[in-house]
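Structural features, examined
Chain by chain, the residues run as shown.
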Amino acid sequence: MSSIAKNYETIRIEKGTSLLRDALYRLKKNKLALFGLSILAIIATASLLTPIIAPYSYEEQDLIYGPQSPNKEHIMGTDDLGRDLFTRILYGGRISLMVGVLATIVSLIIGVLYGSIAGFLGGRTDNIMMRIVDIIYSLPFMFFVIILMVIAGRNIYNLFIALGAVQWLTMSRIIRGQVLSLKEKEFVLAAKSMGVSKGSIILRHLIPNAMGPMIIYSTLTIPTVILEESFLSFLGLGVQPPMSSWGLLITDGAQVMEIYPWMVIFPASILALTLLSLNFVGDGLRDALDPKAKKD
Amino acid sequence: MIRYILKRILSTIPVLLIIATITFFIIRIVPGGPFDSEKALPPEILETINKKYHFDEPLYMQYLRYIKDLAHLDLGPSFKYANRSVNEIIMQSFPVSFELGFWALLFASIFGIIAGILSSLRHNSRVDYFFMGLATLGISLPSFVLGPLLVLIFALHFNILPVAGWSSIPHMIMPVITLGAMYTAYIARLTRGGMLEIVNQDFIRTARAKGLKERTIVLRHTLKGGLLPVVTFLGPAFAGIVTGSLVVETIFNVPGLGRYFIQSALNRDYTMVMGTVLFYAVILIFMNLVVDIVYTLLDPRVKYE
């Protein structure tokens, strides 16, 4: 704690600093967050460039030797259908990351709108709206995702809508808290006195000012969603073959792990590494943007 | 206090009604039902089935019938398991899930709190880093990876625990650890954070100044305040344990309610799905109430009207 305070003093004396620069400085000091960030950069690049860097095509089979353990041609081995595991992990990562990011965006939109409206209107409306959130919070919402997946069909679009639709609760609470304090500020009063409509005040003034917590919480939502997607895929309710995701690869691998352990070891380690990195970055961002929150 | 509890219990009735209504209509709006099969049933049989389950009535009549039965705590007959009511299936399978969840949460609380206390007492030491590293790993390791991993090591390699099933204590060890691991990690982190926050407070300094033993300070004073975040977390933890048991029961072939729920969702066994959701909603609402009451006991500043 004291070292941070000291560093903070030095930069302030040297050049004067903005909140953003200060945050970046603190983030750079956080080795775990930097480690997470570089891992994520590698994984994201690999997913974007998958069609170019994948050594084999998605469904190409090499059946002569059956499932192969890692070797020169297949650095992570092949699966029980003779498909290159490294290629499948790359393609699966695209799906897993896409579900993670898109569902987070869905939750962000719902949560931010809901939370900012509740916080801005305040009073009775706020009370009722937040009471509803409290109630949904205490329910087994994974059950609702499962029901949605069963009745709406198991395709990937339903998947991220269903996951996003249950992830917005915490986001809405955070945004409401922000808006409650922001709406008392002078610039909102100024906007009001100039006759700006309520909708514009929320969209143009309140939401942009609550950006910090939004970014932090989104970083922490993505791993949750990725985990939930693999959870559903494990139960046979998520991504459907021949498409693949990390969750599905782990499920397939887990069934044959006594004989072909590499089939579960590689996808599971990559999933765990990604989740770990996202959590490091999320925690790092929180500490960087809100030094007071750094208690432990 | 009693008025508060009564009010909370009464307020769950509209909540349950809303859940029942939403699930009922979501499920019924979509085409396809439990009696759709590859081979078309003879029309006479289909007619009998429709009559028996009242599918021939308009939707709102079916809805009113369902709500009326619900008011009598009757969740209706299962569509897929002939001749068995949803109540029967829940009564039979829930005790298994309860046992699994109970031991998992107990395991998580005991080990999580001990690890958290040790970490906070040796703040920023090797012990601290070790436990917190383990906790981060625990949060990042999903149950469907941990479960098979434990099976691989303890059942297949060392051959000391049974692979699956639920008939003796050795059978229970791996499912309980798999389900509890993530919550152990959360509880350890929360305990550590809570303890560190309390350690610097005035009343702890007073306790030290009085010359109390370090042990008494930790157990009687710090722990009581330090555990508050853990108690708050118990509400979401119950929900997580319930959800997590879906996967753990599937991995270890445990005959609990979670596995029945997945089966009935895949089979479109409407009444079973709705019954399970409502049943778990009641359980979770009740658990949250218990958590809130425990909270007032631990923190005298919190009062409910």
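Refer to the preceding data block for the structure.
Residues numbered from 1 in each chain as written. Chains lettered and ligands numbered in written order. Predicted model: local features only at pLDDT ≥ 70, side-chain atom pairs only at ≥ 80, totals over all residues. Heavy atoms only, no water.

As a further point, take empty space enclosed by the protein. Under the criterion given, the structure shown has one cavity of 30 Å³ or more. Here the largest cavity defines a volume of roughly 70 Å³. Listing elements by their share of the lining of the largest cavity, those giving two or more residues are helix H7 (141-152) of chain A together with helix H12 (270-298) of chain B. Grouping the amino acids of the lining of the largest cavity by side-chain chemistry returns seven nonpolar, no polar and one charged. (1 Å grid on protein atoms, 1.4 Å probe; cavity = no way out; pocket = protein on both sides within 12 Å on 5 of 7 lines; lining within 4 Å. Points joined across faces, edges and corners; volume = space filled by probe spheres on them. Helix = DSSP H or I, 4+ residues; strand = E, 2+ residues; numbered from the N terminus. Nonpolar A, V, L, I, M, F, W, Y, C, P; charged D, E, K, R; others polar.)

Turning our attention to the nonpolar core. A general tendency of soluble globular proteins is for nonpolar side chains to be buried together. With 133 residues, the main nonpolar core has A:Ile146, A:Leu232, A:Leu235 and B:Phe261 as its most contacted residues. Here this core gets 13 residues from one element, more than from any other, and that element is helix H10 (residues 228-251) of chain B. Not counting residues within four places of it along the chain, the set of residues in contact with A:Leu235 comprises A:Ile146, B:Leu246, B:Val247, B:Thr250 and B:Ile262. Membership of the second largest hydrophobic core comes to 15 residues, among which are A:Phe120, A:Val179, A:Ile202 and A:Ile207. (Core = buried A, V, L, I, M, F, W, Y, C linked by side-chain atoms within 4.5 Å. Buried < 20%, exposed > 50% of the residue type's maximum accessible area, 1.4 Å probe, protein only. Contact = heavy atoms within 4.5 Å.)

A separate point is unusual backbone geometry. The residue B:Leu73 is not glycine, and still its phi comes out positive at about 60°. As for its placement among the helices and strands, B:Leu73 is situated in the loop between helix H3 (59-71) and helix H4 (86-121).

Running from amino to carboxyl end, H7(A) crosses H12(B) at an angle of 165°, the nearest separation of the two axes being 10 Å. Between H7(A) and H12(B), the crossing angle belongs to the class labelled roughly antiparallel. Between H7(A) and H12(B) lies a crossing whose hand is left-handed. Contact with H7(A), carried on its side by A:Phe143, A:Phe144 and A:Ile147, involves B:Val273, B:Thr276, B:Val277 and B:Tyr280 of H12(B) and no other residues of that element. Grouping the constituent residues of the contact of H7(A) with H12(B) by class yields six nonpolar, one polar and no charged. (Axes fitted to C-alpha atoms, helices over the stretch in contact; angles between N-to-C directions. Parallel < 35°, antiparallel > 145°, perpendicular 65-115°, else oblique. Left-handed = near helix turned anticlockwise from the far one by under 90°.)

Each side of the interface is counted separately: chain B has 42 residues, and chain A has 33 residues. A buried area of about 3,300 Å², summed over both sides, lies between chain B and chain A, and 82% of it is on carbon and sulfur atoms. Contact with chain A buries surface across chain B, with B:Ser140, B:Phe144 and B:Leu266 losing the most and accounting together for 17% of the total. Linking chain B with chain A are zero residue pairs in polar contact (both at pLDDT 80 or more). Counting only elements with at least two residues in the side of chain B that touches chain A, the list comes to helix H1 (2-29), helix H5 (126-140), helix H6 (143-157), helix H7 (169-199), H10, helix H11 (257-267) and H12 of chain B. For the side of chain B that touches chain A, the element with the most residues is H12(B), which contributes eight residues. The residue makeup of the side of chain B that touches chain A, split by class, is 30 nonpolar, eight polar and four charged. (Buried area = accessible area lost by both parts, 1.4 Å probe. Polar contact = N/O pair within 3.5 Å; in protein donor to acceptor, adjacent residues only side chain to side chain.)

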